[in-house]
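# Structure at a glance
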Amino acid sequence: MAAKVRFGLLVAMFQAMSGDKRSAKKRARLRAFLDRAYVPSGGRDDYFSALRLVLPGLDRERGTYGLKEAALAAVLVDALGIAKDSPDAVRLINWRRSGGGRNAGNFALVSAEVLQRRQGITSGGLTIKEVNDALYLLAATENRSEKATILSSLIKKTNALEMKWLLMIILKDLKLGISEKSIFDEFHPDAQDLFNVTCDLKFVCEKLNDRSQRHKRQDIEVGKAVRPQLAMRVRDASAAWKKLHGKQVVAECKFDGDRIQIHKKGEEIHFFSRSFLDHSEYAPGMSKIIKENILVDRCILDGEMLVWDTVLNRFAEFGSNQEIAKAAREGLETDRQQCIDVAFDILYAGDTSVIHQSLTERQEILQKVVKPLKGHLEILIPTGGLNVRRPSDELCWSIIAHNLEDVEKFFKDTIDNRDEGIILKDLASKWEPGDRNGKWLKLKPDYIHAGADLDVIIIGGYYGSGRRGGEVAQFLVGLAVPSDDNSYPKRFLSFCRVGTGLSDEERDALVTKLKPYFRKNEYPKKPPKFYEVTNNSKERPDVWIESPDKSVIISVTSDIRTIKSEVFAAPYCLRFPRIQRVRYDKPWHECLDVQAFVDIVHSSNGT
Ligand code: ATP
């Protein structure tokens, strides 16, 4: 009976696969597992129960577990009933370092070490069905202690190896070294295609349960998420132009929001993210607008969800879609910000899929079907179709590019405007679910080399974990805003978070010096008036430095700098920053200012 297939069998396959070097070997193991475990028992209808554990990232049948490594470590400590300060608990919580052991950085391996000391090697004999039932319960509760009880009962019924793989399933990363496509192909030659147009693993497993039966390519349906078409990265404008040689090309701004697929099916509206989660939190703010401004009963729009600043009448530079959507759902006023969808494509209109038509044709349909509503819903049509004001009035969001110079100019303007980059699209191309094969090309000025060290000021601190628990281990640094009257700067923009580079002694000395000026960051209290920060919660340090004149300058270096800051108030931030040294010798007011920093960025970027 398929329902009796042991979890241990799947674990043995995972374990063997992870040791295989060759991809063909891994594939063969999967095929053998599926054929031996399911076909003879006539249990082909039950493939889903196993494949959802092989491809946990694609399973949307149960909710999320809410357990990333840190939370999982805490729940595991409770499940094992060990003291929080015991060596094993500390090892779990500090899995990244884990005493410098060889498994450091791999949560499942660190857990396996801890579990080995408590669990036997004999399999508990759990079935795949029982594992799925337990995982269902784990996702169904938000309560930490209930999660711990479920894990604790799983620990009793498994051995350390089984538990290790179970934890990897919960973390949705099996590190098997085999691609999703290979897994699908071993299951059924049409599985990947069908998944791309339905994003429904259960449906794929049920529909394609006989490998010898081919399935006619299925078109997209309203109400079922479609794997989004993606863009291929290109080095520079000329490489892009060469690739699109002879094609009619549209160049569009690469908006820096969240990809959203809006499905309108009469009264029913869905907002599917790139990972095909239905974001119902957008419904209170957007559903009515969608119903009224999409002029057909059934429709799928492909676009980007952004934040709109209602005072400045333009896209907001900072702000999170989800936070705004959640506030709208709770009936809270969000002063000056709301979500806006920029539809750059249409996949379905009326009673038919339009993905097989050319982009030019789709753009015509988009114009007919969508009535733009300023600040809420816009469409992206070349040369001024989008009636949103850019910070610079002369710029468009989308142009027809006739030659390389057009592309280069558009790219430069876009970057000067602090946008993320551009996307070039072949106007004759169809819309391909899940494709990243070069019909859309993206050009981003992502990586540029930083030459100089940057002398920035510490404005806040973050507590470390484990050994550094309760002590500031990382710093939030800022850039000065030059003051108009040539006096010392009065405002500082948050710039980046930096932790590495100092020895333990150097860090301790720095923290000791700053400690008297630490002020706890107590929500919803605002940061000290000197500091300008964004609404992004990732940026919030645990402590602020009371005022800049009490602070210290540090020299920060970075190999690579990313061009646009999403989290911090400064326009750019550093990637892989390191503290070079502490500049006790430099007075606080000689902190690098934002204009000088932008000049450094531009000069190293060749602009
Ligand atoms: P990365 O940020 O790592 O470059 P990405 O997450 O932006 O990758 P890509 O496939 O590289 O994903 O780029 C496509 C993404 O760009 C889309 O998923 C969409 O969210 C975003 N995007 C913004 N503007 C556009 C546009 N005009 N056309 C298509 N995609 C756009």
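Residues numbered from 1 in each chain as written. Predicted model: local features only at pLDDT ≥ 70, side-chain atom pairs only at ≥ 80, totals over all residues.

Put simply, the test is: UniProt positions are given in the numbering used here, feature names are shortened, and annotations may be inferred rather than shown by experiment.
In the annotation of an unreviewed UniProt entry, the protein is listed under the name DNA ligase and assigned to Panicum miliaceum. Under Subcellular location (unreviewed entry), UniProt gives the following word-for-word description of the protein: "Nucleus". What the UniProt record of the protein gives under Catalytic activity (unreviewed entry) is the line "ATP + (deoxyribonucleotide)n-3'-hydroxyl + 5'-phospho-(deoxyribonucleotide)m = (deoxyribonucleotide)n+m + AMP + diphosphate."

### Here's the deal with the overall build of the protein
Using the following cut-off: Under the scheme used here, helices are H or I runs from DSSP no shorter than 4 residues and strands are E runs no shorter than 2 residues, and both carry numbers assigned from the N terminus. Remark: C-beta atoms are placed from the backbone, and a residue is labelled buried if 20 or more other C-beta atoms sit within 10 Å of its own, exposed if 12 or fewer do, or partly exposed between those counts. Two residues qualify as being in contact provided that their C-beta atoms, derived from the backbone, are within 7 Å of each other.
Tallying secondary structure elements over the protein gives 19 helices and 21 strands in all. Residues counted as buried form 39% of the 607 residues belonging to the protein. Residue pairs at least 24 apart in sequence account for 68% of intrachain contacts in the protein once pairs closer than 6 positions are excluded.

### Quick notes on the environment of K216
Its location among the elements puts K216 in the loop between helix 12 (201-207) and strand 1 (232-233). Residue K216 is classed as exposed on the basis of its C-beta count, with 6 C-beta atoms lying within 10 Å. Separated by 18 residues in the primary sequence, K216 and V234 have C-alpha atoms spaced 34 Å apart.

### Notes on the site of the ligand
How we decide: Near residues are defined by distance alone, with the backbone-placed C-beta atom required to lie within 6 Å of the molecule or strand. Residues were grouped as follows: Ala, Val, Leu, Ile, Met, Phe, Trp, Tyr, Cys and Pro as nonpolar; Asp, Glu, Lys and Arg as charged; and all remaining residues, including Gly, as polar.
In the neighbourhood of the ligand, 13 residues make up the surrounding shell, with L230, A231, E252, F255 and R259 lying closest. Across the shell around the ligand, the residue classes tally to seven nonpolar, no polar and six charged.

### So, the pairing of strand 7 (residues 337-349)
Quick note on the threshold: Two strands are said to pair when DSSP picks up at least two bridges between them.
Judged by how many residues are buried, strand 7 sits mostly within the fold: 13 of 13 residues are covered. The sheet contact formed by strand 5 (residues 298-309) and strand 7 spans 11 bridges and is antiparallel. Counted as the bridge partner of I300 is Y348 from strand 7. Relative to strand 9 (residues 377-379), strand 7 is paired through three bridges, and the arrangement is parallel. When the sheet's bridge partners are listed, D341 is paired in strand 9 with L377. With two bridges connecting them, strand 7 and strand 8 (residues 352-353) associate as antiparallel partners.

### Notes on the confidence of the model for the protein
Selection criterion: Known as pLDDT, the predictor's per-residue confidence is scaled from 0 to 100.
Looking at the protein as a whole, the pLDDT averages 87, with 89% of positions reaching at least 70. Of all secondary-structure elements in the protein, the lowest mean pLDDT belongs to strand 13 (residues 448-449), at 40, while strand 8 reaches the highest, 98. Segment residues 446-450 is flagged for pLDDT under 50; beyond a separation of four residues in sequence, or across chains, it makes 12 contacts in the model. Across residues 559-563 the pLDDT falls below 50, and counting only partners more than four positions away or on other chains, this stretch makes 17 contacts in the model.

### Re the environment of D585
Relative to the helices and strands, D585 resides in the loop between strand 21 (573-583) and helix 19 (594-604). D585 gets classed as exposed once you count the C-beta atoms within 10 Å, which come to 8. In sequence terms D585 and I553 are 32 residues apart; their C-alpha atoms lie 8.6 Å from each other.

### Describing the nonpolar core
Counted only if it meets this: Linking buried Ala, Val, Leu, Ile, Met, Phe, Trp, Tyr and Cys residues through C-beta atoms within 7 Å yields a set, and such a set is a nonpolar core. All domain edges in this entry derive from an automatic or database-based domain assignment.
Within the largest apolar cluster, 127 residues are counted, with the highest numbers of intra-cluster contacts made by I346 and L424. The dominant element in this core, judged by the number of residues it contributes, is strand 7, at nine residues. Domain assignment of the residues forming this core places at least three in each of domain 1 (2-170) and domain 2 (232-443). Residue contacts for I346: discarding those within four places in its chain leaves C299, I300, L301, D302, V354, R362, I365, L366 and V369. Grouped together as the second largest cluster of nonpolar side chains are 37 residues, L454, F475, V533 and W588 included.

### Some thoughts on the domain arrangement of the protein
Structurally, the protein comprises domain 1 (2-170), domain 2 (232-443) and domain 3 (449-604). Placing a centre on the C-alpha atoms of domain 1 and another on those of domain 2 gives a separation of 39 Å.

### Considering the packing of helix 10 (residues 180-187) against helix 11 (residues 191-198)
As a reminder, the rule being used: In this analysis an axis means a line fitted to C-alpha atoms, helices contributing only their contacting stretch, and an angle means the value between N-to-C directions, from 0 to 180 degrees.
Taken N-terminus to C-terminus, the directions of helix 10 and helix 11 make an angle of 115°; their axes are 8 Å apart at the nearest point. Along the contact surface, helix 10 presents K181, F184, D185 and F187, while helix 11 presents A191, Q192 and F195. Broken down by class, the residue content of the contact of helix 10 with helix 11 amounts to four nonpolar, one polar and two charged.

### A word on unusual backbone geometry
We note that K175 has phi near 50°; this positive angle belongs to a residue other than glycine. Tracing the sequence through the fold places K175 in the loop between helix 9 (160-170) and helix 10. Under the C-beta neighbour-count criterion, K175 is labelled exposed, with 12 such atoms within 10 Å. Despite not being glycine, N313 has its phi angle at roughly 60°, a positive value. Mapped onto the secondary structure, N313 falls in the loop between strand 5 and strand 6 (314-315). When the 11 C-beta atoms within 10 Å are taken as the criterion, N313 is described as exposed.

### Observations regarding the sheet that holds strand 10 (residues 398-401)
The sheet built from five strands is open, its strands ordered 1-12-11-2-10 with mixed pairing. Every other strand in the sheet has two partners, leaving strand 1 and strand 10 as the edge strands with one partner each. Relative to strand 12 (residues 440-443), strand 1 is paired through two bridges, and the arrangement is parallel. In the sheet register, M232 faces strand 12, and the bridge partner there is L441.

### Side note on helix 7 (residues 128-140)
Heads up, the condition is: Expected span of a helix: the number of residues minus one, times 1.5 Å. Arc definition: directions from the helix axis to the C-beta atoms.
A rise of 1.5 Å per residue sets the reference length of helix 7, with its 13 residues, at 18 Å; its end C-alpha atoms lie 18 Å apart and thus fit the reference within 8%. Restricting attention to buried positions, one finds in helix 7 the residues I128, V131, N132, L135 and L138. With its buried residues spanning 115° around the axis, helix 7 presents them on a single face. In this structure, the buried side of helix 7 is in contact with helix 1 (7-19), helix 3 (47-54), helix 8 (144-157) and helix 9.

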